[in-house]
Every structure is written in C-alpha cells, then in structure tokens.
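Listed here are the chains, written in short residue letters.
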Amino acid sequence: MKKIFLYINLFFSLICFSQNEQLAQYYYDKGDFEKAKISYEELLENLPQNTQYFLRTIDCYQQLQQFSVAEKAILDRLDKYKQGNLLVELGYNYQLQKNDAKAKIYYEQALDRIKKNPNEVYGISNSFERKVLLEYALKSYQTATELEPNFNFNYQIGLLYGQLGNQEMMINTFLNEAYVNPQNSIQIQNQLSRFMVDEGDANFSEILRKALIIRAQKNQDLFWNHYLSWFYTQQKEFEKAFVQEKAIYKRDPESLSNIVNLGQLAIEEDNQEAAKEILGFVLENTKDLELLIQANSYLIKMKIEKAQEKEYAAINTELEGLLKQFEISPFTLSLQLIQAHFVAFNLKKPEEGKAIIKKLLELQLNDYEVAQAKMELADILLYEEKFNQALIYYSQIELDLKNDIVAHEASLKAAKTSYFKTDFIWALKQFKELKSANTQLIANDALEYFLLINDNTVADSTQTALKQFAKGDYLLYQNRNQEAITQFQTILKNYKGQEIEAVTLLRLGKIYEKLGDFTLALSQYQTIIDKHSDGIYIDEALYFSAEIYNKKLQQPEKAKPLYEKIIFSHEDSIYFVEARKKFRQLRGDTNL
C-alpha cells in the first residue's frame, strides 16, 4: 500500500512539474520575463543541475537588465560546476552592457579552456553559436581540431563560413569533407542547394562550379564527376549533367539507372531534346530488360503528350510493336498502362482500354502493381462518366496501401471525381484533408481545388457558375479540348466580372498553351494581370506568361519584367524561387 501511495505522489509531482515548465515557457514566449524568471527560478531550485532552466533564468535576468544578478548567478555556477561554456555566458553578459573589452577577456578565456582540454569544445562552441558569436565559434572548432586531429568539425565549420559570408571557404570545406567522408555528401549537398536557391548571392553557383571543375581536373576520381552531375542537375542543365554521366558510365559501366533518372528529370522540366538524347543513349548501350522498358516508356509517353491527332495511328503501332518486342508480362506493366490510357483517352476507345487493364490484372502482380492497374482502370471508368465505379477502385487503393503516396494519389482522384459529379460538399472535405499531404504536388493540387470550390461557393451560394466550370474541367479530363474551350468561353460570357472569371481565364490559357497557341494563351493571362491583379491567380498568370516568352517564343526581354514582378510583389508564391533564378539568368548573373 505504501508503494502505491509513493507512485501516486510521484505521478502527481511529475504532472505538476510539467505544468510549471509549460507555464514558464508560456511566459517566456509571451515576453513576460518577470513572471518567466520567477517560474524558472522555482524550476531551477528543484533541479539545480538543469542547464536549460539555468540559461533561461539568466536570459530573463538579462532581458530585465538585471546584469549584476545574472553575473553573480553565472559566477556561482562556474565555481560549482567549472564548465567552460559559462565563461561565454559571462562574457556575453558584459557585451550586453556594451563592455566589449571585458567580454573579450572571457571569450578568450573560453578559448584557452579548449587549448587545455579540447573536449570542452562542444559546450563552448555551442554557446558561441547560440549567442551568434560566429567568429569565436569558428575559432573554437579550429582550435580543438588543431589539438585533436581525430575531431571532425568540417560540417560545422563549413556552415559557419557560410553564415559569415565567406563562400569560397564554405565551399572548399564542404567539398573536402564530402570527399573524405562520402557518407556526409547528401547532408552537404542539401546545404549547398539551400545556398544556391535560397541564400546565396549571384556568384555562389559560379564559385561552386569552378571549385568542382578544378577538383575534377586535378583528381580523376569519379566522385567529382558525380558531384558535377548533381550540380548541373540542380541548375537544370541536363545536357551538361549528361556529359558527366557518360564519363562515369564509360569508366564504370555497371548501371545506366542514373542516366535513365536524368532523362526522367529532363522530361519533367520539359527539356525534350535533352531527354531524347539521354534516353537514346540508354537504348543504345543496354540489354537490361528493365532499363529498356523504362526508357521506352518515358520516350513514348513524352511523344504522346506532345502528339497531334494525325500522329496517333503511328504511336499506336509503335506501342503494339514495343509490347510485341518485350511481351506481355509484369515487366512491361508501364508500357501496358500507357497503351491502355492512350487507347481510352486519345483514340477514344475506353472499352479496349479496360480490356487491356483486365488482362493485365490476370498476371502475377505485387500490391503496388495491382494498385497502378486499378488506378488506370478507375481513370478510364471516370472517363466514361461511371463515377461510382471509379470511386470504388480509388477507395480500394486507399485501403490496400494506407498512408502510401499511391493511396494519397487515389484520394486526390477520388476528390476530383466528386468535384466532377458536382458533389462539392464532399469534394471540399476531401480537398481540405489533402492540403496537408506529405507530397507537395498532391498538397498543391488539393489546395487549388479547395480554394476554387470555397471561393466560388462564397461568391455564389447556388454554385451555378462552379457547376459549369466543373463541367469544363471534366471535358479537359476527357481530352476534349475544343469542347472545353467552348465551355469556358461560355462561362466568361455569362459570368463576366464575377469570382469565377480569373480562374476561367487561367484554364483557357493553359489549354491554349497545350495546343501551341501561345498568342491566345498570353491574351488570357494578360487579362488576369490587368483586371485581377489583387486575386490569387496573379502570380500564376505572371509566371506562365514569362515562361512562354522565355521558353517558347524566345523573347527573354519580355519575360524578364514578369519574373521580376513575382520576385518583388509575390514573395509567397510557389513560383518565387524559380522566378528569381530565371530572372538572374536573364539579367546575366554569372552564377547561371
């Protein structure tokens, strides 16, 4: 019985302690440092060895300008625990009082502690970094490394050089570390990417490129070819990345999978010429069945996406030829799915498309392959306006592969099915949940439809215009582009000046782009820019217009001010990073 009472008392003590900690944190975050100080002092009294409570208490003293109280507390703790990081705290306490000379004395004492015992670097360097005393943090790591060669702080040193604006030293430190410890390469590449995209100035990528080329010339290790390929891929210069991948393959012809992946990235970035060259190289240099099928799948899919109706017969013949060559088996799953989709959506023969899928489902497939086949079958059923049957298959995939990316894709398609049915209440609920999906593309897509339904329901409770818009989207889904154009033009005529107008113009712009009529596409986007500059589609209109001028019409001078407008007026746009990069490129910055 005594033990039970002991456990109960202990349990309630822990709850009370946790609540006190939360209260202290609440006051601290709120900026009520007087109350936070009292709370942390109480916590520290119960757990005097807790470093976090002590540092928060000191911070509260300093926020309240009680510097002498803070100094006494730090000195008492230093006398008791002898920790070198407390010298940094003491120095910083003087720095806050504008006594830089006294602060420097204690900072140097902290560095001297490292000279006597290099193991103290961990606490001291951490304190310097928390106080944003970057030069001292750098010196603390360098001092410890000189005394103890087995220590490796290259990653931390590289970050500090970056924070201090010394890009060359940052890059050299990171690249040296990556070469010596390749297991750290991904972490280092992530930091380099961040500086290339988010934080670096216009010269960063050029400095990195030169550093990599110098290393590749001096050292014939394939490591540097891999790094250059990664760099050029980040810059979306796929042709240059391909040169590096070819060099790697010629010296180490084990696998072409990296080159296939490079081809896929080129397709995703709409660089067809690079993709054809890359995947063509794969077809010429491998007998691996899986890679052959993968490369042919990418090439034929790319061809379908850009094809005109007069080319359909030749594509169908090519698909049949590929499947005859590689045979019907689980290995040719991707080709069979492409054929089913092409027959249903392009040749307008959904029954034949379904027959291909049903035959495919008779093969020995794993769960993911079954899900892919069912997804295509559901897509075709949706094409046939068999909404409920399509939903059944999407639901099966969601249940079979819970929390998987394929399941999230099925959920998105199920939500779109409800949208096409004009069941907006249910669709809105599904899109709202998918806005938080882990996959960015799915989350962005869900957000777009959520805003579309929500905004146009608020503007028109009868949802009349929204129903007409959903019909236009469904015609687009069925690949009935001309009918979709007519539908959206009717909406513009009937609902001129209403909420639905801007997104309708955006849809028309994308259809005209797909059909290669860039003049008409630009006209739709310009209307959004002129008449809906305060709406949620303005950044898309600017970016899509810039892309047409830059990539399709080869008129960079017209693209430049559009990218610039996104940079300076729409910092929260999902196109901000790409717009900034392309603006710099057109402006002639040397990093690109």
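Below is a summary of the structure that appears in this document. Note that the structure is predicted; figures quoted are calculated from it, not measured. (Residues numbered from 1 in each chain as written. Predicted model: local features only at pLDDT ≥ 70, side-chain atom pairs only at ≥ 80, totals over all residues. Heavy atoms only, no water.)

### Let's talk about the layout of surface pockets
By volume, the second largest pocket is sized at about 580 Å³. Forming the boundary of the second largest pocket are 18 residues, of which K236, E269, N271, K551 and Q585 lie nearest the centre. Mapped onto the lining of the second largest pocket, the elements with two or more residues apiece are α14 (238-251), α16 (272-285), α30 (538-552) and α32 (576-587). When residues in the lining of the second largest pocket are grouped by element, the largest group, four residues, is from α32. Residues belonging to the lining of the second largest pocket are distributed by class as follows: two nonpolar, five polar and 11 charged. (1 Å grid on protein atoms, 1.4 Å probe; cavity = no way out; pocket = protein on both sides within 12 Å on 5 of 7 lines; lining within 4 Å. Points joined across faces, edges and corners; volume = space filled by probe spheres on them. Helix = DSSP H or I, 4+ residues; strand = E, 2+ residues; numbered from the N terminus. Nonpolar A, V, L, I, M, F, W, Y, C, P; charged D, E, K, R; others polar.)

### Points about helix α7 (residues 121-130)
Within α7, the full set of buried residues consists of V121, I124, S125, S127 and F128. In a view along the axis of α7, the buried residues occupy a sector of 155°, so they form one face of it. Residues of α7 that are buried make contact with α5 (85-95), α6 (100-116) and α8 (134-147). (Buried < 20%, exposed > 50% of the residue type's maximum accessible area, 1.4 Å probe, protein only. Arc of directions from axis to C-beta. Contact = heavy atoms within 4.5 Å.)

### Section: the nonpolar core
Judged by nonpolar contacts, the single largest core of 89 residues is most densely connected at Y394, Y419, F431, L452 and F469. By residue number, the principal contributor to this core is helix α21 (residues 367-383), which donates nine residues. Other than its neighbours up to four places away in sequence, F469 contacts Y419, L452, F488, I491, I500, V503, T504 and R507. Core analysis: the second largest hydrophobic core is formed by 86 residues, Y94, F174, L175 and F242 among them. (Core = buried A, V, L, I, M, F, W, Y, C linked by side-chain atoms within 4.5 Å.)

### Points about the environment of I38
With respect to the helices and strands, the residue I38 is situated in helix α2 (residues 33-46). Since its relative accessible area comes to 39%, I38 is described here as partly exposed. Between the C-alpha atom of I38 and that of Y27, which follows or precedes it by 11 residues, the distance is 10.0 Å.

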